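# A closer look at the structure
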Amino acid sequence: MEKDAELNILKDLIKIQTPNSNELQVAEYIGKPFDAHGISYYIDRFDDDPTRANLVAEIGEKETDDVLAFAGHQDTVAITDPDDWTHDPFDPVIEGDKLYGRGAADMKSGLAAQIIALIDLADSGVKIPGTLRFIATAGEEYGTPGAWKLNAAGVVKDVSALVIGEPTGGDVIYAHSGSMNYKVVSHGTAVHSSTPELGVNAIKGLNAFINAEDTLFDDAGEDPYLGHVKHSITLISGGDQVNILPDHAELWGNIRPTETFNNDQVIEHLESAIRQLNDSTPFNLELTITHNFLPVETEPDDEFVKLVKAAADNAYSGDARTPKLDTINGATDASVFVTTNDQMPVVIFGADQWDKAHQVNEYTTLSSFYATVGGYKEIAKKYFEVRVCG
């Protein structure tokens, strides 16, 4: 595919507004070039929301059981500050090597690169004795409903290796943390502030939890790849009137589990702290886990990791940067997919740039975008060469 045509796919994807919704329009757009190039696919619509859908496509001769999957999400985060953008976030603008727009980094550049790689491989006649599967999900930015829906349908049960196309600037990410959101509700007894001894202040209940949470994970072991568990209390609310003790207050927190100190251990510590406070104080605290995504780790010396790193090195050889092996503390759809297939090696590999995701004036670089297209094609070629020869 010519570079102008590749660029148009990326620009068109950015123009389709998908902040936490509207993935069906993206899926239908992707289907058109797949139809034109004879690529088999299906659109997986949501029963409860007519705007949302996943898409799954495949090429390959299916002579072997080997399944390499490329996966990415179609949604973006919302635009909360449109006046701060230099350009319309849904009308991509190119300045030098940078292409600006919502989703340019996270992750319509990776999605477009995977689409293009699939088309180029199909057109080139490269022998793929197994299956190369492309998975485009809905809702990764909030709750991953698309990944959970496909996971329940078994879309990754047979996958031998998985590449997630999130932005990495060409680096190869072999491990990323889980992500857990939780809510603590404090139930108290409301009274007039002139007689506080007759009530129970729900805000003080949260304060007791905050003090306990500060050291709650001090005994968590250090993961060899992801380091220590990271935890933060990020939202808090309570009270309706300044002269009334509140009978309700709540806080939200986020925790990044590791394989060394996993999600179940994190939950056990949270539940233990809540029980202890409820037993030893006048407060009544209630814990709810709202999102629970697993950490994903593949050994850095895994053969698939090394294959992807070699492909990244070749793809970015004309660039000033040198791809490196690394880890991150963000979660991806892979955190869902490993719940049914924890044996497949997983890497994240994509274009620029992780720290531009979700930002005002988000951008990708064209050089990294084109390099990533080449990287994906080489990963597929080398993977199936190794499988045939090995």
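Summary of the structure given here. All of these numbers come straight from a predicted model, not from anything done at the bench.

### Observations regarding the packing of aromatic side chains
- Applying the stated criterion to the full structure yields twelve aromatic pairs.
- Measuring from ring centre to ring centre gives 6.1 Å for Tyr 182 and Phe 209, while their planes differ by 70 degrees; the resulting arrangement is edge-to-face. Placement of Tyr 182 in strand β9 (residues 179–187) and of Phe 209 in helix α5 (residues 202–213) is noted, with a sequence separation of 27 residues between them. With respect to burial, Tyr 182 and Phe 209 carry one shared label: buried.
- A centroid spacing of 5.8 Å and a plane angle of 85 degrees characterise the contact between Phe 304 and Tyr 383, whose relative ring orientation is edge-to-face. Placement of Phe 304 in helix α7 (residues 303–315) and of Tyr 383 in helix α9 (residues 366–389) is noted, with a sequence separation of 79 residues between them. Judged on exposure class, the residue Phe 304 and its partner Tyr 383 are both buried.

### Comments concerning the sheet that holds strand β4 (residues 93–95)
- Ordered by their spatial adjacency, three strands build an open sheet running β4-β5-β16, and the pairing between neighbours is antiparallel. Single-partner strands in this sheet number two, and they are β4 and β16 (363–365). Adjacent strand axes in the sheet meet at a mean angle of 25 degrees, parallel and antiparallel pairs treated alike.
- Pairing between β4 and strand β5 (residues 98–100): three bridges, direction antiparallel. Across the sheet, Val 93 pairs through a bridge with Tyr 100, a residue of β5.
- On the sheet, helix α1 (residues 3–15) packs against β4, β5 and β16 and is oriented at approximately 30 degrees with respect to β5.

### Things to note about the environment of Arg 275
- Along the polypeptide, Arg 275 turns up in helix α6 (residues 263–280).
- The partly exposed category is assigned to Arg 275, whose relative accessible area is 49%.
- Residues Arg 275 and Ala 380 lie 105 residues apart in sequence; the distance between their C-alpha atoms is 51 Å.

### Some remarks on the pairing of strand β8 (residues 172–176)
- Most of β8 sits out of view: five of its five residues are buried.
- Relative to strand β13 (residues 296–297), β8 is paired through two bridges, and the arrangement is antiparallel. In the sheet register, His 176 faces β13, and the bridge partner there is Val 296.

### Points about the sheet that holds strand β12 (residues 284–293)
- Reading across the sheet, the four strands line up as β10-β11-β9-β12 and stay open at both edges, with antiparallel pairing between neighbours. Each end of this open sheet is capped by a strand with a single partner; those strands are β10 (230–238) and β12. Shown here is a sheet whose adjacent strand axes are inclined to one another by a mean of 20 degrees, direction ignored.
- Relative to β12, β9 runs antiparallel, the two being bridged by nine bridges. Bridged to Ser 186 within β12 is Leu 285.
- Taken strand by strand, α5 contacts β9, β10, β11 (248–256) and β12, and its axis lies near 175 degrees from that of β10.

About the cut-offs
Residues numbered from 1 in each chain as written. Predicted model: local features only at pLDDT ≥ 70, side-chain atom pairs only at ≥ 80, totals over all residues. Heavy atoms only, no water. Phe/Tyr/Trp six-rings, centres within 6.5 Å; stacked < 30°, edge-to-face > 60°. Helix = DSSP H or I, 4+ residues; strand = E, 2+ residues; numbered from the N terminus. Buried < 20%, exposed > 50% of the residue type's maximum accessible area, 1.4 Å probe, protein only. Pairing = 2+ DSSP bridges. Axes fitted to C-alpha atoms, helices over the stretch in contact; angles between N-to-C directions. Contact = heavy atoms within 4.5 Å.

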